[in-house]
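Next come the chains, spelled out residue by residue.
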Amino acid sequence: MPLHSVSVVGAVVREDGRRADNGMWELPGGVLELTEAPEAGVVREVLEETGIHVEVDELTGVYKNTTRGIVALVFRCKPVGGTERTSEESTAVDWLTSAEVEERMAEVYAIRLLDALDGNGPRVRNHDGRRFLGKST
């Protein structure tokens, strides 16, 4: 039976609408630890990768990489403290506009952030690591 990995991702949105992303222009996140609640995992991962303390607002999407067997839970978050910094997992931290997201991020990562902003409830999408597959819900 195939195994899946679950990751948690934070779409961190400031009041002025700009987001923080790492040097690969992906949202900060990583593998959820076995005993960890998803919201706690997001807070931990964002802090580790960016130096930013966040408060989790809501789940905005579930994204399955059908090639690698990874299910990513994306949460909209707001910054509540900390100081922006890089880490061993990130080479840059930046706040991007929606237009910059579309220019700098690959489709499968950009859509996660754009979904988090659209306010249309959680999305469920499948992708192969490069492109989305079929219809989203």
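Each remark here, short or long, concerns the structure printed above.
Residues numbered from 1 in each chain as written. Predicted model: local features only at pLDDT ≥ 70, side-chain atom pairs only at ≥ 80, totals over all residues. Heavy atoms only, no water.

**Notes on the overall build of the chain**
Put simply, the test is: Numbering goes from the N terminus for both helices and strands, where a helix is a DSSP run of H or I of at least four residues and a strand is a run of E of at least two. What the globule rule says is 2.2 Å times the number of residues to the power 0.38, and the radius of gyration is computed from C-alpha atoms. Each residue gets one of three labels from its accessible area relative to the maximum for its type: buried under 20%, exposed over 50%, partly exposed in between, using a 1.4 Å probe on protein chains only.
When helices and strands are tallied, the chain shows three helices and eight strands. The order of α-helices and β-strands along the chain, N terminus first, is β-β-β-α-β-β-β-α-α-β-β. Over its C-alpha atoms the chain spans a radius of gyration of 14 Å, differing by no more than 12% from the 14 Å that the globule rule assigns to 137 residues. By its C-alpha atoms, the chain is 40 × 35 × 25 Å across when sized along the principal axes. Put simply, the chain has 137 residues, and 41% of those count as buried.

**Structural notes on the packing of aromatic side chains**
Going by this rule: Note on aromatic pairs: the rings of Phe, Tyr and Trp (six-membered ring only in Trp) are paired at centre separations within 6.5 Å, and the planes decide the class, stacked below 30 degrees, edge-to-face beyond 60, tilted for the rest.
On inspection of all chains with the given rule, the structure shows one aromatic pair. Ring plane angle 65 degrees and centroid distance 6.5 Å describe the contact between Tyr63 and Phe132, whose orientation is recorded as edge-to-face. With Tyr63 in strand β4 (residues 52–65) and Phe132 in strand β8 (residues 132–133), this pair connects stretches of sequence that are 69 residues apart. The pair Tyr63 / Phe132 is uniform in exposure class, with both members buried.

**Quick word on the pattern of salt bridges**
The condition that has to hold: One side-chain nitrogen of Lys or Arg within 4 Å of one carboxyl oxygen of Asp or Glu is enough to make a salt bridge.
Under the criterion given, the structure shown has ten salt bridges. Here Glu48 and Arg44 are joined by a salt bridge, their closest N and O atoms 3.4 Å apart. Placement of the pair is Glu48 and Arg44 together in helix α1 (residues 38–50), with a separation of four residues, close to one helical turn. Using a relative accessible area of 35% as the deciding quantity, one classes Glu48 as partly exposed. The exposure class assigned to Arg44 is buried, which follows from its relative accessible area of 18%. One network of salt bridges, with partners in common, ties together Glu33, Glu36, Arg44, Glu45 and Glu48.

**Digging into α1**
The periodicity of an α-helix, 3.6 residues per turn, causes residues three or four positions apart to be oriented the same way. Here is the rule: In a helix, the anticipated span is given by 1.5 Å times the number of residues less one.
An ideal rise of 1.5 Å per residue puts 18 Å on 13 residues; α1 measures up with 18 Å between its terminal C-alpha atoms. Buried within α1 we find Gly41, Val42, Arg44, Glu45, Val46, Glu49 and Thr50. Phi for Gly51, located one or two positions after α1, is positive at around 80 degrees.

**Things to note about the pairing of strand β1 (residues 5–12)**
Put simply, the rule is: Pairing between strands is defined by DSSP: at least two bridges between the two strands are required.
Judged by how many residues are buried, β1 sits mostly within the fold: six of eight residues are covered. Looking at chain direction, β1 and strand β5 (residues 70–82) are connected through eight bridges and run parallel. Across the sheet, residue Val6 finds its bridge partner in β5, namely Val71. The sheet contact formed by β1 and strand β3 (residues 29–31) spans three bridges and is antiparallel. By the bridge assignment, Ser7 is partnered in β3 with Val31.

**Side note on the nonpolar core**
Side chains of nonpolar character tend, in soluble globular proteins, to be buried together. Rules: The term nonpolar core refers to a set of buried residues drawn from Ala, Val, Leu, Ile, Met, Phe, Trp, Tyr and Cys, joined through side-chain atoms within 4.5 Å.
Val9, Ala11, Leu27, Val74, Val101, Met105 and Leu113 are the most contacted members of the largest nonpolar core, which has 15 residues in total. If you list the elements that add at least two residues to this core, you get β1, β5 and α3 (107–118). When residues of this core are assigned to their parent elements, the largest contribution, four residues, is made by α3. One finds Ile52, Val71, Phe75 and Trp95 within the second-largest nonpolar core, a separate group that totals 13 residues.

**Thoughts on the sheet that holds β1**
Spelled out, the test is: Contact between two residues is taken to exist if any of their heavy atoms lie within 4.5 Å; hydrogens are not considered. Comment: axis = line fitted to C-alpha atoms, over the contacting stretch for helices; angle = value between 0 and 180 degrees taken between N-to-C directions.
Strand order in this open sheet of six strands is β3-β1-β5-β4-β7-β8, and the pairing throughout is mixed. Across the chains shown, the open sheet's two edge strands, defined by having one partner strand only, are β3 and β8. Sheet analysis places strand β7 (residues 123–127) next to β8, joined by two bridges and oriented antiparallel. Along β8, the bridge assignment pairs Asn126 with Leu133. Contacts from α1 reach β1, β3, β4 and β5 within the one sheet, and its direction differs from that of β4 by about 110 degrees. Helix-sheet contacts for α3 involve β1, β4, β5, β7 and β8, and the interaxial angle to β7 is about 175 degrees.

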